[in-house]
Amino acid sequence: MGVNLGFVTLHVGLGTFRPVNVDNIEEHEMHKEYYCISDETAKLIMDTKKAGHRVIAVGTTSIRTLESAATAKDEIVGKSGWTGIFIYPGYDFKIVDALVTNFHLPKSTLIMLISAFAGRKFILQATRRLVEMKYRFFSFGDAMLVTRNSRMTNAIGKSQNLRSLTISGKLQPTGIRAVVNNE
């Protein structure tokens, strides 16, 4: 079976890192950023979905790119353009099934995106635990795998049924240090 890799591009701008300073998140405006998904990558994603396999995005920018090119649930086309997509709780994901990402700070568009993916309460609970465990934040810090499935395989390949917050790992300093699952 194996893993297939597809590549996307998002020219990250201020919009990704600018804090949200409004009371109503619907009033926050993202700066536009240029993205590109090749026809080859879009076909790979479509083939993956049709085969019943998962699409795992590496990075929140990858999610924003994939969701910008999505045309419907489990459908995507190769295209380029400008996106101002702002993903926050309530968003209905069309392409991504799991996510590898860094740990993000409160009041950022990035924590809102992963909160939309796995649930705000769950992500804030995970963030508190990660701070207690002294994990590193920001782009050069630690990373986590976030999945929306109730079953996943941990780092040593043992399948387990997860019913609550699970943070495990510390594989190596430059690798994924936490696996976070939300049922």
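Shown above is the structure to which this text applies.
Because the structure is a prediction, the values reported are computed rather than measured.

Cut-offs and rules
- Residues numbered from 1 in each chain as written.
- Predicted model: local features only at pLDDT ≥ 70, side-chain atom pairs only at ≥ 80, totals over all residues.
- Heavy atoms only, no water.
- Helix = DSSP H or I, 4+ residues; strand = E, 2+ residues; numbered from the N terminus.
- Buried < 20%, exposed > 50% of the residue type's maximum accessible area, 1.4 Å probe, protein only.
- 1 Å grid on protein atoms, 1.4 Å probe; cavity = no way out; pocket = protein on both sides within 12 Å on 5 of 7 lines; lining within 4 Å.
- Points joined across faces, edges and corners; volume = space filled by probe spheres on them.
- Nonpolar A, V, L, I, M, F, W, Y, C, P; charged D, E, K, R; others polar.
- Pairing = 2+ DSSP bridges.
- Axes fitted to C-alpha atoms, helices over the stretch in contact; angles between N-to-C directions.

Peer 1: Would you explain the environment of Phe117 in this entry?
Peer 2: Inspection of the secondary structure puts Phe117 in helix H4 (residues 109-118). By relative accessible area, which is 3% here, Phe117 ends up buried. Linking Phe117 and Val146, residues 29 residues apart in sequence, is a C-alpha distance of 8.5 Å.

Peer 1: When you look at the layout of surface pockets in this model, what are you seeing that I'm missing?
Peer 2: Using a probe with the size of a water molecule, rolled over the atoms, empty space left in the structure can be pinpointed. Space inside the largest pocket adds up to approximately 840 Å³. Surrounding the largest pocket, 23 residues form its lining, Val3, Asn4, Arg54, Val55 and Ile56 being those nearest its centre. Broken down by element, the residue count for the lining of the largest pocket peaks at five residues, all from helix H2 (residues 39-50). A breakdown of the residues in the lining of the largest pocket according to their chemical character gives 14 nonpolar, seven polar and two charged.

Peer 1: Please clarify how the sheet that holds strand S2 (residues 33-37) should be interpreted in this entry.
Peer 2: To summarise the sheet geometry, strands pair through backbone hydrogen bonds and adopt either a parallel or an antiparallel arrangement. Pairing is antiparallel in the open sheet, where three strands are placed in the order S1-S2-S6. The open sheet has two edge strands, strand S1 (8-10) and strand S6 (79-83), and neither has a second partner. The sheet shows a mean angle of 15° between the axes of neighbouring strands, taken without regard to direction. Examined bridge by bridge, S2 and S6 share five bridges and lie antiparallel to one another. Within the sheet, the bridge partner assigned to Ile37 lies in S6 and is Lys79.

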